[in-house]
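# Examination of the molecular architecture
In case you want the letters, here they are:
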Amino acid sequence: MGNARYTNGFKVTEHPAALTEPDHWRKPRKVFVNSMSDLFHKDVSDDFIIKVFEVMNRNPRHQFQVLTKRSDRLVQLAPRLTWSDNIWIGVSVEDEDNVYRIDDLRKVQAKVRFISYEPLVGEIKTIDLTGIHWAIVGGESGPGARPMKQQWVRNIRDACVAAKVPFFFKQWGGVQKWKTGSTLDRRKWKQFPK
């Protein structure tokens, strides 16, 4: 991709030199931490994760969003981490088989806990939003993308509305996601926690 940080491709690589970058950003930013990887991956050292949290804690003007599929490791490390209010933590739940990650998420003492149902590739039958502050839904995109049914999205949206949890519908997905858009029942759902 022309970026020196990707010389190892998508092999897990720690970049300690990048840790001081948020210290120099003058304007507040929303930062999606590890957008191309998972901070709680088994190959990321505990020490590096702790350093990432130190950076987030000393930069309260920025909002950091951390998303993981490794909820077991998140729960294991969470007590060793400092959860300042600007750190939002979420888990990916792509189908019913991964709903257990939400129970793990509830064990973390973060101000904002969120679920990313993306890519949503199966119906979620168990929608318990207790202790959850935000839900995001999106379809899979690119070649070979599996379809997402409208009713799956509606079920999550309706549960969010009933529980007063902000709902963000990102996209329908597909091979040409720009054509399918992000409208659900003639409305854009782009809600955020306060």
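Up top you'll find the structure we're talking about.
Below: a short report on this structure. What you are looking at is a predicted structure, and each value in this text was computed from that prediction instead of being measured.

Another aspect to go through is the environment of I156. Here I156 lies in helix 4 (residues 150-163). Aside from chain neighbours lying at most four places away, what touches I156 is Y117, L120, I124, I127, V137 and F167.

Position of Q65 among the secondary structure elements: in strand 2 (residues 63-68). Every residue in contact with Q65, bar those within four places of it in the chain, is listed here: V31, F32, V33, W88, F114 and W134.

A few words on helix 1 (residues 46-57). Each full turn of the α-helix corresponds to 3.6 residues, which orients residues three or four apart in the same direction. In this model, helix 1 (12 residues) spans 16 Å end to end at C-alpha, consistent with the 16 Å of a helix rising 1.5 Å per residue. Turning to helix 1, its buried residues are F48, I49, V52, F53, V55 and M56. Within helix 1, the buried residues cover an arc of 155° as seen down the axis, which keeps them to one side. The secondary structure elements touched by the buried residues of helix 1 are strand 1 (30-33), strand 2, helix 2 (71-77) and strand 3 (87-92).

If you trace the backbone, S71 turns up in helix 2. The class for S71 is buried, based on a relative accessible area of 1%. Not counting chain neighbours up to four residues away, the residues in contact with S71 comprise V91, Y100, R101 and D104.

Taking 1.5 Å of rise per residue, 14 residues should cover 20 Å, and helix 4 covers 20 Å from first to last C-alpha, within 8% of that figure. Those residues of helix 4 not exposed but buried are W152, V153, I156, R157, A159 and C160. Along the axis of helix 4, the buried residues cluster in a sector spanning 160°; they form a single face. Buried residues in helix 4 make contact with strand 4 (112-117), strand 5 (134-138), strand 6 (167-171) and strand 7 (183-184). Positive backbone phi, approximately 60°, marks K164, located one or two places after helix 4.

How each quantity is defined
Residues numbered from 1 in each chain as written. Predicted model: local features only at pLDDT ≥ 70, side-chain atom pairs only at ≥ 80, totals over all residues. Heavy atoms only, no water. Helix = DSSP H or I, 4+ residues; strand = E, 2+ residues; numbered from the N terminus. Contact = heavy atoms within 4.5 Å. Expected span 1.5 Å × (residues − 1). Buried < 20%, exposed > 50% of the residue type's maximum accessible area, 1.4 Å probe, protein only. Arc of directions from axis to C-beta.

Everything listed here is a matter of coordinates, which is why it stays silent on function.
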